[in-house]
Amino acid sequence: MLKLHNTLSGKKEEFRASDGATVRMYVCGPTVYSSSHLGHARPAVVFDTLRRYLEFSGHTVKLVTNFTDIDDKIIRRAKDEGSTEREISQKYINEYFEDMDALNVGRADIYPKATEHVQEMIDLVQKLLDNGYAYRVGEADVFFRVHKFSGYGRLSGRTPDQVKEARIEPDERKENAEDFALWKAARPDEPSWETPWGKGRPGWHIECSAMSGKYLAPLPFDIHGGGQDLVFPHHENEIAQTEAAFGKPMARFWLHNGFININREKMSKSLGNVFNLRAAYESYPPAALRLFLLGTHYRTDISYTPERLKEATAGLERILDALEKAEKLGDRELNDEAEQEYESAMKHFGESMDDDLNTAAALGVLYGSIHETNLALQSGQDQAELNAIAHAKAAGAMLKVLGLPTRRSDNMLKTRSEAGAQAAAPDEALLNALGEARALARTEKAFAVSDFIRERLIELGYEIRDLPDGKFEIKRRL
RNA sequence: GGCGGCGUAGCCAAGUGGUAAGGCAAGGGUUUGCAAAACCCUCACACACCGGUUCAAAUCCGGUCGCCGCCUCCA
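Presented here is a report on the structure given in the accompanying data block. (Residues numbered from 1 in each chain as written. Chains lettered and ligands numbered in written order. Predicted model: local features only at pLDDT ≥ 70, side-chain atom pairs only at ≥ 80, totals over all residues. Heavy atoms only, no water.)

## Digging into the pattern of salt bridges
Alright, step 1. In the structure shown here, the tally under the stated rule is 40 salt bridges.
Alright, step 2. The closest approach of N and O atoms between R408 and E324, which form a salt bridge, is 2.9 Å. Remark: E324 occurs in helix α10 (residues 306-327) and R408 occurs in the loop between α13 (382-402) and α14 (416-420); sequence separation between them is 84 residues.
Alright, step 3. When salt bridges with common partners are traced through the structure, they connect E317, D321, E324, K328, R408, E463, R465, E473, K475 and R477 into a single cluster. (Salt bridge = Lys/Arg side-chain N within 4 Å of Asp/Glu carboxyl O. Helix = DSSP H or I, 4+ residues; strand = E, 2+ residues; numbered from the N terminus.)

## Side note on empty space enclosed by the protein
Alright, step 1. Counted under the stated rule, the structure contains 2 cavities of 30 Å³ or more.
Alright, step 2. One number sums up the size of the largest cavity: a volume of about 40 Å³.
Alright, step 3. V46, T49, L293, L294, T296, Y298, L357 and T359 together form the lining of the largest cavity.
Alright, step 4. If you list the elements that add at least two residues to the lining of the largest cavity, you get α1 (38-56) and α9 (286-294).
Alright, step 5. Classifying every residue of the lining of the largest cavity by side-chain character gives 5 nonpolar, 3 polar and no charged.
Alright, step 6. Roughly 30 Å³ of volume is contained in the second largest cavity.
Alright, step 7. Residue lining of the second largest cavity: P30, T31, V32, S34, S36, H40, Y92 and Y96, and that is the complete set. (1 Å grid on protein atoms, 1.4 Å probe; cavity = no way out; pocket = protein on both sides within 12 Å on 5 of 7 lines; lining within 4 Å. Points joined across faces, edges and corners; volume = space filled by probe spheres on them. Nonpolar A, V, L, I, M, F, W, Y, C, P; charged D, E, K, R; others polar.)

## Overview of the protein's contact with RNA strand B
Alright, step 1. As a structural note, the neighbourhood of RNA strand B is formed by 46 residues, with K73, W204, K266, R308 and R454 the closest of them.
Alright, step 2. At the protein interface, 66% of the atoms of RNA strand B within 4 Å belong to sugar or phosphate.
Alright, step 3. Note that a base nitrogen of RNA strand B is positioned 3.2 Å from one of the backbone N or O atoms of G39.
Alright, step 4. The contact in question runs from a base nitrogen of RNA strand B to an N or O atom on the side chain of D466, over 2.8 Å.
Alright, step 5. Every element with two or more residues in the surface near RNA strand B is listed here: α1, α5 (160-166), α10, α12 (359-379), α15 (428-443), α16 (447-459) and β14 (462-466).
Alright, step 6. For the surface near RNA strand B, the element with the highest residue contribution is α12, accounting for 8 residues.
Alright, step 7. Split into classes, the residues belonging to the surface near RNA strand B amount to 13 nonpolar, 15 polar and 18 charged. (Near = heavy atom within 4 Å. Polar contact = N/O pair within 3.5 Å; in protein donor to acceptor, adjacent residues only side chain to side chain.)

## Topic: the sheet that holds strand β7 (residues 180-185)
Alright, step 1. Sheet architecture is open: 4 strands sit in the order β5-β6-β7-β8, paired in antiparallel fashion. Among the strands making up the open sheet, the edge pair consists of β5 (134-137) and β8 (200-202). Geometrically, the sheet is characterised by an average inter-axis angle of 25° between neighbouring strands, direction not taken into account.
Alright, step 2. When β5 meets strand β6 (residues 141-144), the two strands line up antiparallel, connected through 4 bridges. Opposite Y135, over in β6, you have F143 as the bridge partner. (Pairing = 2+ DSSP bridges. Axes fitted to C-alpha atoms, helices over the stretch in contact; angles between N-to-C directions.)

Below is the structure:
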């Protein structure tokens, strides 16, 4: 039974889809005004993994991830570049897809954009104006009346009074400092939309309420996910708006992933340490990044260092090597003993994943199967070989759920430069010729020559391994 | 100031009452012409510190120290 930590209760709770089969899930997507960075990769990978595991466990998942394509930063960027908001957002949406595809993040079912749901937002704000939870100020500003909503603060554990005290320079036109903007009156030179109360554009939070309500009805939907920084104010305000408008809870489970730090420092523009995904892909395969991200429980903050990506890359080598060796044994039918090995490994894997998506523990199980594969492979006995196949099969199934590659040829294992330089890759016949030359040198005991060839191949990123009977294999190093 | 999180080996990281998973690194060994990979062995009487509860605590309670996040745009 899957248990998930629900921010709403602060506890792990047993998760069941509200209708028993289909999980309706909303994960907050990016504001598309710049390239995706490490911080975007974490929620994408975490919730993609959750989705995969839910599907693996027999659920159908309907996933919605929004694009915030109108906000201050996009407007500023458009001005700076003499471009339009639409061009800016589209450019970074395209990049986002590329960067997430590389990480093997499955596409959501729907990617609603804020600008394409303005009418839904207007309707929602109107509803809140009508029922007294919102009020107009000035030209066309609309605020949410926080104190009228009794459940305010339940998610983040803050009271409206605490919020009030913390607010820096609150807009003095507000009735109360803790109130937040639903709609912003139009300013010159900024995009705006006509509404019954005047021209303007949406506040930040309203889009998620409008779009999740539209695509994941009826409320409450099952899972709402995002980075932990969104707990307050974003998600707290979403809950207030939605529940005040519809009189129903918004979502049953609220899941929040921890942060990524860079060398133990917060990643932020001001520190100049924002790590773009495409930069990371230059040197490390996306699969290594994904493995690194899954190596820590999703609610714990993690610190990125280049060493850790190297470690993850080494881990991938180990995993793929074992699977390759097992594959060479061919496709054989498992007997009872091997079948049990498989079942047992998968059971442990499931237990780890069931425990609030404990991918770090699940990786422990995966490495266990890798070890068992290697171990069995070494004995050469028939039963051992069947067990090796069983563990390799289990490892393959786990990798699939985790969204990690099972074979070396997977695109996820290519760095960006490699992906771009596909044509320049030496062909296999050429590599084999070198291998044969080296083998010949070895039989002649011309070890200076054979070692020279090996060294040169390593420099070029290829590893040559000697096998029994004078055979060899050459593999591309990750 | 308010709210919250964290502190487990050289590094990373699971483990939330029953006697410390796993990965990387390191050392020794098997194997090898030498390597690589794999396998075997070693690597925390110990889980920031102090006190308490308990037959039993890394795990619960109290306190101390240290680090971090949110409260303002942020994944």
